Amino acid sequence: MDSVIDPFQTWLGSFGAVGTVVWLLLMIVAICMPLIIAVAFYVLWERKLIGWMHIRLGPKYVGFGGLLQTFADVFKLLFKELLQPAAASPFLYRLAPLMALVPALAAWAVIPFDAKVVLSNANAGLLYLLAMTSLGVYGVILAGWATNSKYALLGAMRGAAQMVAYEIAMGFALVGVMVAAGSLNMTEIVMAQSGSAGLFEWFWLPLLPLFVIYFVSGVAETNRLPFDMVEGESEITGGHLVEYSGAGFALFFLAEYANMILISFLVSIFFLGGWLSPLQGLGIPLLSVDGWWWLFAKVFFFASCFIWFRASFPRYRYDQIMRLGWKVFVPLSIVWIAVVAVMAYFGVFEPGQ
């Protein structure tokens, strides 16, 4: 693959700044378009899997056995009339969906899909990722404020408080990953988990509490069950989305599912070796070969866990959600950072290798 891409990149580079811009735009499209299509199929998989868990059929009429149901829903949303409340702030009302979607897409710039397949192999990729994922809360706040609706504002405030609480826990968990890997570069974090013991070289084992904290916090960060207090239909109807319809609602919907896929990638990269084989170094033909297919298999498992949780657990009370974030996850992550630092001091990890 590199033998085909490298000459093309070199040829575009011969055109100077224009060629570089064209190359970057092509790379962005190459990441964003599959992501948007993946969101559509993810929604289909969610409906099918929940239907199977609840002994229902799920989509089965539109397209080939329901295969095109999600795409039909997308077109339905896009062609719906975009209604705006009379008392809303027009600029902020339209800006809010973009503030939720753009960071969710921009974060993919530093996600490595394989050893050499990444848009930007930035040395401070982890810091960039934290910055991008932190901006998503502004879309929720703006959506609640701009619509000038008490239901929307209440949902936005609850959502912002929840997202901030679990974002702090996620940030502390990544500090532990940074200490263990000895790098902020995403590719080097994956390679720090390579070795001859396969999956036992990965960070999930020494960072097990941080691994659990990060994934559960990711579920809360994306406002998914059992942490979906932002859209508690029995209390505040649709939360900050209550005044959005058509394309505006579709952008929020796209951002939520793109973030779920992003969290699945990040958990796999930070704690489960990314594209590394679980049998790496064991000398087993084919199975011990590293590659992007291992990363996508791990992502598929965690993405399915989001659906499993939705089909299995009831919604928590808001005080239970906040107590878990502030009184359990944050203190536990701080304590385990100290444990990781001690392990790194005594050479348990091989930073940057």
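First, a word on scope: everything that follows refers to the structure included in this document. Just so it is clear, the structure is predicted and the values come from calculations on it, not from any experiment. (Residues numbered from 1 in each chain as written. Predicted model: local features only at pLDDT ≥ 70, side-chain atom pairs only at ≥ 80, totals over all residues. Heavy atoms only, no water.)

## Side note on a nonpolar patch on the surface
- A contiguous nonpolar surface patch, about 710 Å² in accessible area, is contributed by Ile 37, Phe 41, Tyr 61, Val 62, Phe 64, Leu 67 and Leu 68.
- Its location among the elements puts Phe 41 in helix 2 (residues 17–53).
- Under the relative-accessibility criterion, Phe 41 is labelled partly exposed at 36%. (Patch = residues over 30% accessible without salt bridge, like charges linked within 9 Å, V, L, I, M, F, W, Y side chains within 5 Å. Areas by Shrake-Rupley, 256 points an atom, 1.4 Å probe, with all protein chains shown as cover. Salt bridge = Lys/Arg side-chain N within 4 Å of Asp/Glu carboxyl O. Helix = DSSP H or I, 4+ residues; strand = E, 2+ residues; numbered from the N terminus. Buried < 20%, exposed > 50% of the residue type's maximum accessible area, 1.4 Å probe, protein only.)

## Some remarks on the nonpolar core
- Ranked by internal contacts, the top residues of the largest apolar core, which has 85 residues, are Ile 111, Phe 203 and Phe 270.
- No other element matches the 15 residues that helix 10 (residues 246–271) contributes to this core.
- When neighbours within four sequence positions are excluded, Ile 111 is seen to be in contact with Val 117, Val 118, Leu 129, Met 186, Leu 262, Phe 265, Leu 266 and Ile 269. (Core = buried A, V, L, I, M, F, W, Y, C linked by side-chain atoms within 4.5 Å. Contact = heavy atoms within 4.5 Å.)

## Focus: the packing of helix 6 (residues 150–181) against helix 8 (residues 208–221)
- Where helix 6 contacts helix 8, the axes come no closer than 9 Å and their chain directions differ by 150 degrees. The angle between helix 6 and helix 8 falls in the class roughly antiparallel. The way helix 6 lies across helix 8 gives a crossing that is left-handed. Residue-level contacts link Gln 162, Met 163, Tyr 166, Glu 167, Ala 169, Met 170, Ala 173, Leu 174 and Gly 176 of helix 6 to Leu 210, Ile 213, Tyr 214, Ser 217, Gly 218, Ala 220 and Glu 221 of helix 8.
- Looking at side-chain class alone, the contact of helix 6 with helix 8 contains ten nonpolar, four polar and two charged residues. (Axes fitted to C-alpha atoms, helices over the stretch in contact; angles between N-to-C directions. Parallel < 35°, antiparallel > 145°, perpendicular 65-115°, else oblique. Left-handed = near helix turned anticlockwise from the far one by under 90°. Nonpolar A, V, L, I, M, F, W, Y, C, P; charged D, E, K, R; others polar.)

## Digging into the pattern of salt bridges
- Per the counting criterion, the structure on display carries seven salt bridges.
- Glu 46 is the salt-bridge partner of Arg 310, the closest N and O atoms lying 2.8 Å from each other. Of the two residues, Arg 310 is situated in helix 11 (residues 292–312) and Glu 46 in helix 2; the sequence distance between them amounts to 264 residues.
- Under the relative-accessibility criterion, Arg 310 is labelled partly exposed at 37%.
- Owing to a relative accessible area of 4%, Glu 46 belongs among the buried residues under this scheme.
- A single network of salt bridges, built from pairs that share partners, joins Glu 46, Arg 224, Glu 256 and Arg 310.

## Re the packing of aromatic side chains
- Within this structure, the stated rule accounts for 28 aromatic pairs.
- Relative to Tyr 257, the ring of Tyr 42 lies with its centre 5.7 Å away and its plane at 80 degrees, an arrangement referred to as edge-to-face. Placement of the pair is Tyr 42 in helix 2 and Tyr 257 in helix 10, with a sequence separation of 215 residues.
- You can call Tyr 42 buried: its relative accessible area is 6%.
- Centroid distance Phe 215 to Phe 309: 6.0 Å. Interplanar angle 55 degrees. Geometry classified as tilted. With Phe 215 in helix 8 and Phe 309 in helix 11, this residue pair connects regions lying 94 residues apart in the sequence.
- These aromatic residues form a ring-pair network of at least three members: Phe 211, Tyr 214, Phe 215, Phe 270, Phe 271, Phe 301, Phe 302, Phe 306, Trp 308, Phe 309 and Phe 313.
- Over the face of the ring belonging to Tyr 318 we find Arg 158, whose NZ or CZ atom lies 5.6 Å from the ring centre.
- Just above the ring of Trp 202 sits the side chain of Lys 298; from NZ or CZ to the centre is 4.0 Å. (Phe/Tyr/Trp six-rings, centres within 6.5 Å; stacked < 30°, edge-to-face > 60°. Lys NZ or Arg CZ within 6 Å of the ring centre and 35° of its normal.)

## Brief notes about the side chain of Gln 162
- By the secondary structure assignment, Gln 162 is in helix 6.
- Judged by relative accessible area, Gln 162 falls into the buried class, the value being 0%.

## Some details on the environment of Gly 171
- Examined against the element boundaries, Gly 171 turns out to sit in helix 6.
- On the accessibility criterion, Gly 171 (17% relative accessible area) is buried.
- For Gly 171 and Val 39, which are 132 residues apart along the polypeptide, the C-alpha to C-alpha distance reads 25 Å.

## Some details on the packing of helix 5 (residues 125–146) against helix 10
- It is the contact of helix 5 with helix 10, at a shortest axis distance of 13 Å, that shows an interaxial angle of 155 degrees. With respect to their mutual orientation, helix 5 and helix 10 come out roughly antiparallel. As for how helix 5 packs across helix 10, the hand of that crossing is left-handed. Where helix 5 abuts helix 10, its residues Leu 126, Leu 129, Thr 133, Gly 139 and Ala 143 lie against Phe 252, Leu 262, Leu 266 and Phe 270.
- Looking at side-chain class alone, the contact of helix 5 with helix 10 contains seven nonpolar, two polar and no charged residues.

## Quick word on the environment of Ser 149
- With respect to the helices and strands, the residue Ser 149 is situated in the loop between helix 5 and helix 6.
- Put simply, Ser 149 and Glu 243 are 94 residues apart on the chain and 7.9 Å apart in space, counted from C-alpha to C-alpha.
- Beyond its immediate chain neighbours, meaning those up to four positions away, Ser 149 contacts Gly 144, Val 242 and Glu 243.

## Quick notes on the side chain of Asp 114
- Within the element layout of this structure, Asp 114 appears in the loop between helix 4 (90–106) and helix 5.
- Discounting chain neighbours no more than four positions away, the residues touching Asp 114 are Trp 275, Gly 291 and Trp 292.

## Focus on helix 11
- Taking 1.5 Å per residue as the helical rise, helix 11 with its 21 residues ought to reach 30 Å, and the 30 Å between its terminal C-alpha atoms agrees with that figure.
- Along helix 11, the residues that are buried comprise Trp 294, Leu 295, Lys 298, Val 299, Phe 302, Ala 303, Ser 304, Cys 305, Phe 306, Ile 307, Phe 309 and Ala 311. (Expected span 1.5 Å × (residues − 1).)

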